[in-house]
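# Structure assessment
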Amino acid sequence: MKITIENNEAKFLFRIADTSLILAQRMAELCSNAPFLEEDIAISNCSLDLFGRAEELYKIIATIEGNKFTPDDYVFRRNEREFFNIKLVEQPNEDFAWTITRQFMHDVWAKEVFTQLSSSKNEELVGLCSKVLKEIEYSLLHSRDWMYRLGLGTEESNKRTQDAIDHLLKYVEEIFNFDDLDKEYFSDCANIERVWQEEINRVFSEINIERKEIQPLSMRDFRDGFHSEHIGHLLSIMQYLPRAYPDAKWS
Amino acid sequence: MEKGDKVWEVFVQKKSGLPFKHVGSVRAYDKKMAIQNARDLYTRRSEGRALWVVPVEAIVSVPLDNADAFFDPADDKAYRHATFYVTPEGVNHL
Amino acid sequence: MDKFEQAFNQIIEDDLKVEPRDWMPEKYRQTNIRQISQHAHSEIIGMQPEGNWLLRAPSLRSKQVLLAKIQDEAGHGLYLYSVAETLGISRQEMNEQLHNQTAKYSSIFNYPTVTWADMGAVGWLVDGAAIVNQVSLQRTSYGPYARAMVRICKEESFHQRQGYEIMCQMAFGTAAQKEMAQDALNRFWEPALMMFGPHDADSVHKGQSMAWKIKRESNDHLRQRFIDRTVPQAEYLGLTIPDKGLKFNEETGHYETSPFNWDEFWNVVNGNGPCNQERLDHHKKAHNDNRWVREAAEAYAEKTEAQVA
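Residues numbered from 1 in each chain as written. Chains lettered and ligands numbered in written order. Predicted model: local features only at pLDDT ≥ 70, side-chain atom pairs only at ≥ 80, totals over all residues. Heavy atoms only, no water.

Bringing the pairing of strand β1 (residues 6–13) of chain B into the picture now. All names here are of chain B. For β1, the tally of buried residues reaches seven of eight residues, placing the bulk of the element in the interior. Where β1 meets strand β2 (residues 21–28), seven bridges bridge the pair, whose relative direction is antiparallel. Bridged to valine 12 within β2 is lysine 21. As paired elements, β1 and strand β3 (residues 50–55) share six bridges and run antiparallel to each other. Bridge pairing in β3 links valine 10 to valine 53. (Buried < 20%, exposed > 50% of the residue type's maximum accessible area, 1.4 Å probe, protein only. Helix = DSSP H or I, 4+ residues; strand = E, 2+ residues; numbered from the N terminus. Pairing = 2+ DSSP bridges.)

Structural data, given as structure tokens:
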């Protein structure tokens, strides 16, 4: 099965949908591995929100594309170079500081993204945004609270958080290299970066974290389907069954 | 969890107009975490519209040894209940 | 007998509930702690065999359903831990008992889940057996435990259906899927039946637990109920119960099975199941690797919460 994308709006929405999906899968990795049970449940909740969000976005994409493919086709039948998520979300759960930092950086970005999409011309998308914005508000509450606990907790937790941030910041620059497609569907691209930098800097300054000068990596853009090596492993696990049994149906 | 976390009793209000009901407890290190943990544990299926968490040590209860002294004296005061009184036949709205 | 003991006996006799602050015999307390913490550990360790397939769930729907189900299990573990805590044991102590193996959990979770069909079999058979047991425990005499069971039974009603749905999908799917479904049934059938514990004649804790109404129905009684319900469900799927001796007794109206392999059961209970070590190591690793997170949360709370109290 070769998945094709015909429409610009679909092409654009894949960036958001894939980002939700890949982060959901990463968060699901914490199931039975979280620091304590209550947090296990909290992370599962975030993951469920993200899977649900991805599914709804793939449905909207499928509609735009004339229902040639189903959401499950999009998830299980595309290859590495056909995914368009931001690289930030495919970074692994090295430790809980990575998990939380990645989540926080994503949530701040997602909040402005879905705020702007709520004035889209696509009514289905607008409907989805009002639901999603509530989820993000909660997720942000959760991830931001943890940034404070980890940043201001112990020397060790501060150091682990600083390390996670130093690494993950390398994957941020590309998010703000908006292209024509972004400019067509976001109402104010520059504001996405402005809001993000402000909130990140504000929180970092309050939690004893240094925003170091990060040398941008020489890497190609996620908008063209470029990834870190992690994506292949993530997909090979996620897509194993439908790939191993191409004729089988799964509910 | 091991140390430093506390037990918080959780109360949920299902709909406006209904009383808050005790549903159980959660563990958490701080207030914000307690209310979030309570949300995730007790309202995943839309069971609530409002939540309280109370540190368990803030709850005062009647000591077992005094239970009889606290509650038994109320048992013989039937005059506090409407059924104690006889209303004349034919008289309504009392 | 003092007035507290009399009051306790009266509660049991009248089928009322014992509450945390009531007087209770020390052995009643300990029996409940043992049973409830074992139940809680089972929920928590039970997350692992299903978590094994979470990342490989074959559709968006099945992935969300499975994650919500595992999340429920964590939640049910938490309800049960907090019930046990009302009896005077701390979560930390229970965790230590799990790690040093003085507390047990259901042996069924020491079996590996090797194919996706096992997600069907676990939901259908393992949750099915657990539900039969838990429905009975809704009438247990310790109030908080009984209330937790009511809540858990309500929430778990989708768990068994989720499993059976997967079994249907596979049993009526491609030849490869059907084969996987049969294989899963073959591996989980007998271990699921042994979840109810030893036969009544060999059960150590039975007498006193029944007298105190901690346990309301015997192991064999509950097991029979499960078998009678499940055999027709297997027939609908067109799958074969892996027991050549299975037959329906017209007179009693019950199915009869061949004797179980109790040697295997006890061997798994005593730590030599296929995954005992893995389950425990997994739990310890998550706990130990994240100690710094809990320390951070504690330190942060000390700095920020003190001002309020």
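Once you've had a look at it, read on.
Bringing the environment of B:Lys14 into the picture now. Residue position: B:Lys14 is located in the loop between β1 and β2. When sequence neighbours within four positions are dropped, the list of residues in contact with B:Lys14 reads B:Glu47, B:Gly48 and B:Arg49. (Contact = heavy atoms within 4.5 Å.)

Turning to the packing of aromatic side chains, a few remarks are in order. Each aromatic ring pair is summarised here by two numbers: the centre-to-centre distance and the angle between the ring planes. Overall, the coordinates contain 31 aromatic pairs over all chains when judged by the stated rule. With a centroid separation of 5.1 Å and 85° between ring planes, the pair formed by C:Trp262 and C:Phe265 is classed as edge-to-face. Of this pair, C:Trp262 and C:Phe265 both sit in helix α11 (residues 262–272), three residues apart, which is roughly one turn of that helix. As far as burial versus exposure is concerned, C:Trp262 and C:Phe265 are alike and both buried. In this arrangement the basic side chain of A:Arg53 is found over the ring face of A:Phe114, its NZ or CZ atom lying 5.8 Å from the centre. Lying over the aromatic face of A:Phe83, A:Arg78 brings its terminal NZ or CZ to 4.0 Å of the ring centre. (Phe/Tyr/Trp six-rings, centres within 6.5 Å; stacked < 30°, edge-to-face > 60°. Lys NZ or Arg CZ within 6 Å of the ring centre and 35° of its normal.)

Residues and elements named next belong to chain A. Going through the model one piece at a time under the given rule, you end up with zero disulfides over all chains. Cysteine cysteine 189 is unpaired, with the sulfur of cysteine 129 as its nearest cysteine sulfur at 15 Å. In this structure cysteine 189 comes out as buried when scored by relative accessible area, which is 11%. (Disulfide = S-S within 2.5 Å.)

Core analysis: the biggest nonpolar cluster contains 188 residues, and A:Leu21, A:Tyr58, A:Met105, A:Trp109, A:Phe114 and C:Trp116 have the highest contact counts within it. With 13 residues, helix α2 (residues 37–64) of chain A is the single largest residue contributor to this core. Contact partners of A:Met105, with chain neighbours within four places excluded, come to A:Leu88, A:Ile165, A:Leu168, A:Leu169, A:Val172, A:Trp196, A:Ile200 and A:Phe204. (Core = buried A, V, L, I, M, F, W, Y, C linked by side-chain atoms within 4.5 Å.)

Glancing now at the interface of chain C and chain A. Listed per partner, the contact involves 44 residues of chain C and 50 residues of chain A. Taken over both partners, the interface formed by chain C and chain A buries close to 4100 Å², and the fraction arising from carbon and sulfur atoms is 70%. Connecting chain C to chain A are one salt bridge. When the shortest N-O distance is used, the salt bridge between C:Arg91 and A:Glu38 registers 2.4 Å. Summed over the shared surface of chain C and chain A, the number is 15 residue pairs in polar contact (both at pLDDT 80 or more). Breaking the side of chain C that touches chain A down by element, the ones donating at least two residues are α3 (47–54), α4 (60–85), α7 (143–171), α8 (175–194), α12 (276–289) and α13 (291–305) of chain C. (Buried area = accessible area lost by both parts, 1.4 Å probe. Salt bridge = Lys/Arg side-chain N within 4 Å of Asp/Glu carboxyl O. Polar contact = N/O pair within 3.5 Å; in protein donor to acceptor, adjacent residues only side chain to side chain.)

In the predicted model, chain B carries a mean pLDDT of 91, and 98% of its residues have values of at least 70. Overall fold confidence for the complex sits at a pTM of 0.95, while the interface term, ipTM, reaches 0.97. (pLDDT = per-residue confidence, 0-100.)

Further remarks concern the sheet that holds β2(B). Residue and element names in this part refer to chain B. If you walk across this open sheet you meet the three strands as β2-β1-β3, and the pairing is antiparallel. Looking at strand neighbours, the two that pair on one side only are β2 and β3, the edges of this open sheet. The sheet shows a mean angle of 30° between the axes of neighbouring strands, direction not considered. (Axes fitted to C-alpha atoms, helices over the stretch in contact; angles between N-to-C directions.)

Glancing now at the interface of chain B and chain C. In this assembly, 21 residues from chain B lie in contact with 26 residues from chain C. Taken together, the connections running from chain B to chain C amount to eight salt bridges. Put simply, B:Arg45 and C:Asp72 hold a salt bridge, and the shortest N to O gap is 2.5 Å. If you look at where chain B meets chain C, you find nine residue pairs in polar contact (both at pLDDT 80 or more). Listed by contribution, the elements that provide at least two residues to the side of chain B that touches chain C are β2 and α1 (31–42) of chain B. Looking at the side of chain B that touches chain C element by element, the count peaks at four residues for α1(B). Looking at the side of chain B that touches chain C residue by residue, the class counts come to eight nonpolar, three polar and ten charged. (Nonpolar A, V, L, I, M, F, W, Y, C, P; charged D, E, K, R; others polar.)

Residue and element names in this part refer to chain A. Its location among the elements puts glutamate 135 in helix α5 (residues 123–152). A distance of 3.1 Å separates a polar atom in the side chain of glutamate 135 from a polar atom in the side chain of lysine 131. Every residue in contact with glutamate 135, bar those within four places of it in the chain, is listed here: Asp49 and Arg53.

Attention now moves to the packing of helix α4 (residues 96–117) of chain A against helix α6 (residues 155–168) of chain A. Residues and elements named next belong to chain A. Running from amino to carboxyl end, α4 crosses α6 at an angle of 50°, the nearest separation of the two axes being 9 Å. Considering the angle they form, α4 stands oblique to α6. The way α4 lies across α6 gives a crossing that is right-handed. Residues Ala97, Trp98, Thr101, Arg102 and Met105 of α4 lie in contact with α6, whose contacting residues are Arg160, Thr161, Ala164, Ile165, His167 and Leu168. Classifying every residue of the contact of α4 with α6 by side-chain character gives six nonpolar, three polar and two charged. (Parallel < 35°, antiparallel > 145°, perpendicular 65-115°, else oblique. Left-handed = near helix turned anticlockwise from the far one by under 90°.)

Another point: a nonpolar patch on the surface. Taken together, the side chains of B:Tyr79, B:Phe84 and B:Tyr85 define a hydrophobic patch exposed on the protein surface, amounting to about 350 Å² of accessible area. Positionally, B:Phe84 belongs in the segment after α2 (67–71). (Patch = residues over 30% accessible without salt bridge, like charges linked within 9 Å, V, L, I, M, F, W, Y side chains within 5 Å. Areas by Shrake-Rupley, 256 points an atom, 1.4 Å probe, with all protein chains shown as cover.)

Bringing the environment of A:Arg194 into the picture now. Considering the arrangement of structural elements, one finds A:Arg194 in helix α8 (residues 189–206). Residues A:Arg194 and A:Glu112, spaced 82 residues apart in sequence, show a C-alpha to C-alpha distance of 9.9 Å.

A few words now on the pattern of salt bridges. Within the structure shown, the criterion is met by 47 salt bridges over all chains. Between B:Glu47 and C:Arg151 there is a salt bridge, and its shortest N-O distance comes to 3.9 Å. Placement of the pair is B:Glu47 in the loop between α1 and β3 and C:Arg151 in helix α7, with the two residues belonging to separate chains. A salt bridge links C:Arg29 to C:Glu26, with the nearest nitrogen and oxygen atoms 3.6 Å apart. In this pair, C:Arg29 and C:Glu26 are both assigned in helix α2 (residues 26–45), three residues apart and thus about one turn of the helix distant. A residue is classified by how much of its surface remains accessible, and C:Glu26, at 49% relative accessible area, is partly exposed.

For A:Asn67, which is not a glycine, the phi torsion comes out positive at approximately 55°. Of note, the phi angle at B:Ser46 is positive, near 60°, even though the residue is not glycine. As for its position among the elements, B:Ser46 is in the loop between α1 and β3.

This part covers helix α9 (residues 230–238) of chain A. Of all the residues in α9(A), the buried ones are A:Ile231, A:Gly232, A:Leu234, A:Leu235 and A:Met238. Taken end-on, α9(A) shows its buried residues confined to a sector of 165°, consistent with a single buried face. Of the surrounding secondary structure, the elements contacted by the buried residues of α9(A) are α1 (8–28), α3 (71–76) and α10 (240–244) of chain A together with α4 of chain C. (Arc of directions from axis to C-beta.)

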